[in-house]
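Coordinate inspection notes
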Amino acid sequence: MRISAPVKAAAQRLALPFLVFLSGMLVVFGKTDNLLYDGLRVAVADRVAPILDAISQPVATVSGVVQSFSDAVGVHRQNAELREENARLLQWQEVARRLASENAELRDLVKLVPQNTVSSVSGRVIADSGGAFARNVLVNVGHNDGVERGQAALTGEGLVGRVAEVGQRTARVLLLTDLNSHIPVEFAVSHARAILDGDNSEQPRLVYLPSKVEVKLGDAIVTGGSGGIFPPGLPVGIVASVSGDVIRVEPYAELARLEVLRVVDFGMSGVLPQSAVPIPRATGRAAKAAPAPAPAPPAN
Amino acid sequence: MPLATLRDVGYPARLLPFLSTLIFALVSVVPINLPGFAVVTPAFALMAVFHWTIYRPDLMPLTAVFAIGLLLDIINGTPYVGLSALTLLVARTFVMTQRRFFVNRTFPVVWLGFLAVTVANFALVWALVSMLRGTLLGFRPFLFQAVLTVSCYPVGSYVLARAHRAFLIRA
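In this text the structure is predicted, and so the values were computed from the model without any measurement. (Residues numbered from 1 in each chain as written. Chains lettered and ligands numbered in written order. Predicted model: local features only at pLDDT ≥ 70, side-chain atom pairs only at ≥ 80, totals over all residues. Heavy atoms only, no water.)

What follows covers the pairing of strand β11 (residues 246-251) of chain A. Residues and elements named next belong to chain A. Where strand β8 (residues 205-207) meets β11, 2 bridges bridge the pair, whose relative direction is antiparallel. Residue Leu206 lies in a different strand from β11, and its bridge partner there is Ile247. Where strand β10 (residues 235-243) meets β11, 6 bridges bridge the pair, whose relative direction is antiparallel. Within the sheet, the bridge partner assigned to Ile238 lies in β11 and is Glu250. The turn linking β10 back onto β11 is made up of 2 residues, and Gly244 within it adopts a positive phi angle of 65 degrees. (Pairing = 2+ DSSP bridges. Helix = DSSP H or I, 4+ residues; strand = E, 2+ residues; numbered from the N terminus.)

Structure representation (structure tokens):
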């Protein structure tokens, strides 16, 4: 079909204003109604996942090679550090064993109902928003693997964020640093509650603290149970800076370099068969820092 | 639909600008776990849109820019679907007005032009997101991404120029 020249010219002249207007409307629409977009994002992510998976594997290989070269340079120093750390961790292991047996005895004494089942599934990061104002990652596990919205995503080091959207074979994890991330946390020692608010910087902010709390650099922050999403006591990070009202937390997890995440179902609904043993389906990254291993059962 | 007609004409090579921009957009979301590489990644799609708008604007129509921007927004999982589409359209329109100046210039001049476009682009993104959120966002991540994008331009441009020569100039 031939379109007459004037019509074509008019269409070309109007294309730009029309498309700009359309984009603007889409942005404004997204601010009022997110449900449609959520569905769209999930559907597209599921379709694009195989492509992203295919692209990300060679990229991961190349990064791995570069990484091993840079590792080789510092291998001597690293070896010494690891030996030292190993000695320290062995002490912790000893402590943990003792506490575990003591814990078991005490549980027995007070007839405590066993913990809910903790099952986890590990996923590889296949996309990273990489933008200047959105901090999230796409992992290659979804509904099919038992991932649900709201579950916690962890690395060996600590909490990374929560699952925001789930498709059949992908899930989007909103990182702690994202503008829309608000996670109930508490101080590991004083149990003072606060909210950890992402503000697009590398270190999220602590807000809504009780006024009398004394905050020191290096205070450990763990998840708080008050949100009802995460179990309390998951390691999150440490207080990295305090200046006036602004308290910033350095997450334990290295959010800039996420490769494998563990999405953990803590069975908060309590309907799963009871056994206190974690059932990892694939191995996550080994724990590095001193705090307790990730699925730390709340010690009562 | 300019894209449909291109396909009807039967020149698969003429889809090169669109496809390469699409691939660039996808590459920009792939996690690169290099040591020292920051949270942000270069805006590869902007490079491709800039390159093709200068050298083959006829094969980089507005609808293609819009579609790629939209896809990028959806894959990125940003709360503002349409934002990249909008800013890429603005970038393309601006480059179109200065196109005559850039064609047949040496690479450093074009690079300098890309610097200006990138800075303007990220300033716009920053302003829009700040406006949508109702607070002034920190400028650093935006600045950082702009610097990263500009410094990666030679590589992106080289790849596109090679593809350009291989597929589009032979005819």
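What follows covers the sheet that holds β10 of chain A. Residue and element names in this part refer to chain A. In spatial order, the strands read β6-β7-β8-β11-β10-β9; together these 6 strands close into a barrel with antiparallel pairing. Strand after strand, the sheet turns through a mean of 45 degrees between neighbouring axes, direction not considered. Pairing geometry for strand β6 (residues 182-187) and strand β7 (residues 193-197), over 5 bridges, is antiparallel. Directly across from His182, in β7, lies its bridge partner Asp197. (Axes fitted to C-alpha atoms, helices over the stretch in contact; angles between N-to-C directions.)

Attention now moves to the packing of aromatic side chains. Residue and element names in this part refer to chain A. Applying the stated criterion to the full structure yields 12 aromatic pairs over all chains. Taking 5.8 Å as the distance between ring centres and 85 degrees as the angle between the ring planes, the aromatic pair formed by Phe29 and Tyr37 counts as edge-to-face. Owing to a relative accessible area of 34%, Phe29 belongs among the partly exposed residues under this scheme. You can call Tyr37 buried: its relative accessible area is 3%. (Phe/Tyr/Trp six-rings, centres within 6.5 Å; stacked < 30°, edge-to-face > 60°. Buried < 20%, exposed > 50% of the residue type's maximum accessible area, 1.4 Å probe, protein only.)

Turning to the confidence of the model for chain A, a few remarks are in order. The predicted coordinates should not be examined in detail at positions where pLDDT is low. All names here are of chain A. Residue-level pLDDT values for chain A average 81, and 84% of them are 70 or greater. Mean pLDDT in chain A bottoms out at strand β13 (residues 279-280), which sits at 42, and peaks at β11, which reaches 94. Note that pLDDT drops below 50 for residues 269-300; the model gives that stretch 51 contacts with residues more than four away or on any other chain. (pLDDT = per-residue confidence, 0-100. Contact = heavy atoms within 4.5 Å.)

With that settled, consider the interface of chain A and chain B. Quoted interface sizes are often the accessible area lost when the parts come together. Between chain A and chain B, the residue contacts involve 46 residues of the former and 40 residues of the latter. Inspection of the chain A/chain B interface yields 0 salt bridges. On the surface where chain A and chain B come into contact, there are 7 residue pairs in polar contact (both at pLDDT 80 or more). Here the side of chain A that touches chain B is built from residues that sort into 25 nonpolar, 13 polar and 8 charged. (Salt bridge = Lys/Arg side-chain N within 4 Å of Asp/Glu carboxyl O. Polar contact = N/O pair within 3.5 Å; in protein donor to acceptor, adjacent residues only side chain to side chain. Nonpolar A, V, L, I, M, F, W, Y, C, P; charged D, E, K, R; others polar.)

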